[in-house]
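Architecture and fold: a report
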Amino acid sequence: MSFWSYKPYVSVGARQKLAEKAAAKAKKAGAVYSPIAPSRGAIAKTVWGKAWCDNLEQYSDYESRLPRGRTYMRNGSVIDLQLKAGQVQARVMGSSLYTISVTIKPVAASQWTAICADCSASIDSLVELLQGKLAAPVMARITTPKTGLFPAPSDISFDCDCPDWAGMCKHVAAVLYGVGARLDQQPELLFKLRQVDAKDLVAQAVGGLPTSSKKPVSSKVLKGADLADVFGLDMGEGEVEAEVMPKPLQKPKARVKPSVKASVKNPVKPTVKTKVKARTKPMPKTTAKDGAKTSPQKLATKPSVKVKKVASKKKVPVK
């Protein structure tokens, strides 16, 4: 322990290792932690998360402690954050593991009624409400300090088991910023935290639609006799004709062609294929010059060749 009962400073890397060990130990014991992931830049990016952080920073009560809380929240020191009705339970890793409890008062009934009345006929659906798709006057009314939906410093009380004697320590500030980061993912938790029902704003908007109190002009209303003349109906006094509901049209049944079955009386005769031999006339026999008989096939295949005998020239001796 150091002077004034403060523990020695622990670096960011050492805190992250301690946080991992604490989360693993809790998991073995059956506990489920919901940490705030380390981040850079803006803590919150949606309408509801930004509005929560802006509400914290506009109060001078928290001005001196919020910067250290932002640093703790960004480097992942908030290893567990649970939001319930009117309460926030968290665990922050510093020089050791600290437990933080934040209590937030519910919105007064009269204040919530005034918010719903001022926002009537301006919110179309619950989805648009949670997504922050609201008109500028509606959002300005909801975020109005002390009379809006977000808590004032007098509505917030907190406790931390760290040795810091200040009213708001850096661990509590980190948890409050962690709430803004969580609203980015689950904006409906804001209404749960303030113990009001978001559907009341939508119901008030639907119920706040103006209703017409004017009655129709009597000259534009058709009486029974006029109605009979227009449509050619015979409407007697005191007679009520029962409406005859037409019978529903029935779909015609599809005709089914009867299957043709071969009867025994008329058997189907099988077709018989017959081969018809072509009749050919015999070729006449011819005789050769020498009187020998030859077949017609030989005459057809072997053409006759005339051979001319050339008289041989006698050689005359030269004298």
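Each chain carries its own residue numbering, running from 1 in the direction its sequence is written. Given that the model is predicted, a residue must reach a pLDDT of at least 70 before its local features are reported, and side-chain atom pairs must reach 80 or more before they are shown or counted; all residues, however, enter totals for whole chains, interfaces and linings. To obtain the side-chain values, all non-hydrogen atoms of the structure were included, while hydrogens and water were left out.

A few points about unusual backbone geometry
In this structure, Lys-146 takes a positive phi of about 70° despite not being glycine. Its place among the elements puts Lys-146 in the loop between helix H6 (136-142) and strand S4 (156-160). Although it is not a glycine, Gln-195 adopts a positive phi angle of roughly 60°. Position of Gln-195 among the secondary structure elements: in the loop between helix H8 (188-193) and helix H9 (199-207). For every residue, the accessible area obtained with a 1.4 Å probe (protein chains only) is divided by the maximum for its type, and the residue is called buried under 20%, exposed over 50%, and partly exposed between those limits. Residue classification places Gln-195 among the partly exposed positions, given a relative accessible area of 42%. Runs of E in the DSSP output that reach at least two residues are strands. Runs of H or I that reach at least four are helices, and both are numbered from the N terminus.

So, the sheet that holds strand S3 (residues 97-104)
The strand order across the open sheet built from four strands is S1-S2-S3-S4, with neighbouring strands paired in antiparallel fashion. At either margin of the open sheet sits one strand with a lone partner, and together these are strand S1 (78-84) and S4. When strand polarity is set aside, the average angle formed by the axes of neighbouring strands in this sheet is 15°. Strands are treated as partners if at least two bridges between them are detected by DSSP. As paired elements, S3 and S4 share five bridges and run antiparallel to each other. Each bridged residue has a counterpart across the sheet, and for Ile-100 the counterpart in S4 is Cys-160. Between N-to-C directions, angles cover 0 to 180 degrees, with each direction set by a line fitted to C-alpha atoms, over the stretch in contact for helices.

Describing helix H7 (residues 170-185)
Because each turn of an α-helix spans 3.6 residues, side chains separated by three or four positions end up pointing in the same direction. A helix is expected to span 1.5 Å multiplied by its residue count minus one. The first and last C-alpha atoms of H7 sit 23 Å apart over 16 residues, in line with the 22 Å expected at 1.5 Å per residue. H7 sits mainly inside the fold: 14 of its 16 residues count as buried.

Quick notes on helix H3 (residues 66-74)
Taken together, the buried positions of H3 are occupied by Leu-66, Gly-69, Tyr-72 and Met-73. All buried residues of H3 lie within an arc of 115° about the axis, which places them on one face of the element. The elements touched by buried residues of H3 are helix H1 (12-28), helix H2 (47-57), S1, strand S2 (87-93) and H7. Of the residues trailing H3, Gly-76 is marked for its positive phi of about 80°. The arc in question is formed by the directions pointing from the helix axis toward the C-beta atoms. Note on contacts: a residue pair is in contact if any heavy atoms of the two residues lie within 4.5 Å.

Structural notes on the nonpolar core
One recurring pattern in soluble globular proteins: nonpolar side chains tend to sit buried together. Residues belong to a common nonpolar core when they are buried Ala, Val, Leu, Ile, Met, Phe, Trp, Tyr or Cys residues joined through side-chain atoms within 4.5 Å. In this structure, Trp-48, Trp-52, Trp-112, Ile-142, Phe-191 and Leu-201 are the most contacted members of the largest nonpolar core, which totals 57 residues. In terms of residues, this core owes the most to one element, H7, which gives nine residues. If sequence neighbours within four positions are ignored, Trp-112 has contacts with Val-107, Leu-149, Phe-191, Val-196, Asp-197, Asp-200 and Leu-201.

With respect to the packing of H3 against H7
A pair of packed helices is captured by two measures, namely the crossing angle of their axes and the spacing between those axes. Two elements in contact, H3 and H7, have axes separated by 7 Å at closest approach and are oriented at 65°. For the crossing formed where H3 meets H7, the hand is right-handed. On the side of H3, the interface is formed by Leu-66, Arg-68, Gly-69, Arg-70, Tyr-72 and Met-73, while H7 contributes Lys-170, His-171, Ala-173, Ala-174, Tyr-177, Gly-178 and Ala-181. Residues are grouped as follows: nonpolar covers Ala, Val, Leu, Ile, Met, Phe, Trp, Tyr, Cys and Pro; charged covers Asp, Glu, Lys and Arg; every other residue, Gly included, is treated as polar. The residue inventory of the contact of H3 with H7, partitioned by class, reads seven nonpolar, three polar and three charged. Left-handed describes a crossing whose near helix is turned anticlockwise from the far helix through less than a right angle; right-handed describes the clockwise counterpart.

Focus: the environment of Val-102
Relative to the elements of secondary structure, Val-102 occurs in strand S3. The exposure class assigned to Val-102 is buried, which follows from its relative accessible area of 1%. As for Val-102 and Ser-157, which are separated by 55 residues in sequence, their C-alpha atoms are 5.8 Å apart. Filtering out sequence-adjacent residues up to four positions away, Val-102 remains in contact with Gly-86, Gln-87, Val-88, Ile-156, Ser-157, Phe-158, Val-175 and Leu-176.

Keep in mind these numbers describe shape, not what the thing actually does.
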